[in-house]
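One-letter residues, chain by chain:
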Amino acid sequence: MLDLGSDVNILPRKNWEAMRKPQLKYSPIQLRMANQYCILPTRRLENVEVDVAGVKTHTEFEVIDITGDKDSYPTLLGIDWA
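Along every chain, residues carry numbers that run from 1 in the direction the sequence is written. The predicted origin of the model limits local features to residues at a pLDDT of at least 70 and limits the giving and counting of side-chain atom pairs to 80 or more, whereas totals for whole chains, interfaces and linings rest on all residues. To get the side-chain values, all heavy atoms of the structure are used, and hydrogens and water are removed first.

**Q** Quick one: what's the story with unusual backbone geometry, residue by residue and with numbers?
**A** The backbone phi angle of K21 is positive, close to 50 degrees, even though this residue is not glycine. Helix numbers and strand numbers start at the N terminus; a helix is a DSSP run of H or I with at least 4 residues, a strand a run of E with at least 2. One can find K21 in the loop between helix 1 (13–18) and strand 2 (31–32).

Rendered as structure tokens:
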């Protein structure tokens, strides 16, 4: 997930594994979701090239574990979906 308006970019562990597990670095942050639930990222993936509408830049992602495929979005956003 890439949210250019946020302070942090999140990458589920499943997607990191699909990228052939590039090297991760220590992550010193704690993520707080909309429901105030805290998540500690597994690690940080740095220097990832991202192309948005033809504009390339480099950014970093916090790699997190999703608790279950069925409820992944409430885990990330801290809200229930209809």
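**Q** Explain the sheet that holds strand 4 (residues 43–52) to me, and be specific about the residues and the numbers.
**A** Pairing between strands is defined by DSSP: at least two bridges between the two strands are required. Ordered by their spatial adjacency, 3 strands build an open sheet running 1-5-4, and the pairing between neighbours is mixed. On the outer flanks of this sheet lie strand 1 (10–12) and strand 4, each paired with one strand and no other. The sheet shows a mean angle of 45 degrees between the axes of neighbouring strands, direction not considered. Sheet topology places strand 4 next to strand 5 (residues 55–64); 8 bridges connect them, and they run antiparallel. Note that in strand 5 the partner of L45 across the bridge is F61. Comment: axis = line fitted to C-alpha atoms, over the contacting stretch for helices; angle = value between 0 and 180 degrees taken between N-to-C directions.

**Q** Got a sec to walk through the pattern of salt bridges? Specific residues and values, please.
**A** What counts as a salt bridge is simple: a side-chain nitrogen of Lys or Arg found within 4 Å of a carboxyl oxygen of Asp or Glu. In the structure shown here, the tally under the stated rule is 4 salt bridges. The partner of D65 in a salt bridge is R13, and the shortest N-O contact between them spans 2.5 Å. Residue D65 is found in the loop between strand 5 and helix 2 (72–77), and its partner R13 is found in helix 1; the two are separated by 52 residues along the sequence. Between E49 and K56 there is a salt bridge whose closest N-O contact spans 3.9 Å. One continuous salt-bridge network, built from bridges that share partners, spans R44, E60 and E62.

**Q** Summarise the pairing of strand 5; cite the residues concerned and give the values.
**A** Pairing geometry for strand 1 and strand 5, over 3 bridges, is parallel. Looking at strand 5, one finds that P12 is bridged to I64. The hairpin formed by strand 4 and strand 5 contains 2 residues between the paired strands, and A53 there has a positive phi angle of roughly 55 degrees.

**Q** Tell me what's going on with the nonpolar core, and back it up with residues and numbers.
**A** One finds L11, W16, L24, L45, V48, V50, F61 and V63 forming the largest nonpolar core, which totals 8 residues. Of all the secondary structure elements, the ones that give two or more residues to this core are strand 4 and strand 5. Take the buried residues of types Ala, Val, Leu, Ile, Met, Phe, Trp, Tyr and Cys, join any two whose side-chain atoms come within 4.5 Å, and each joined set is a nonpolar core. The buried label goes to any residue with under 20% of its type's maximum accessible area, the exposed label to any with over 50%, and the partly exposed label to all in between, with areas taken from a 1.4 Å probe on protein chains only.

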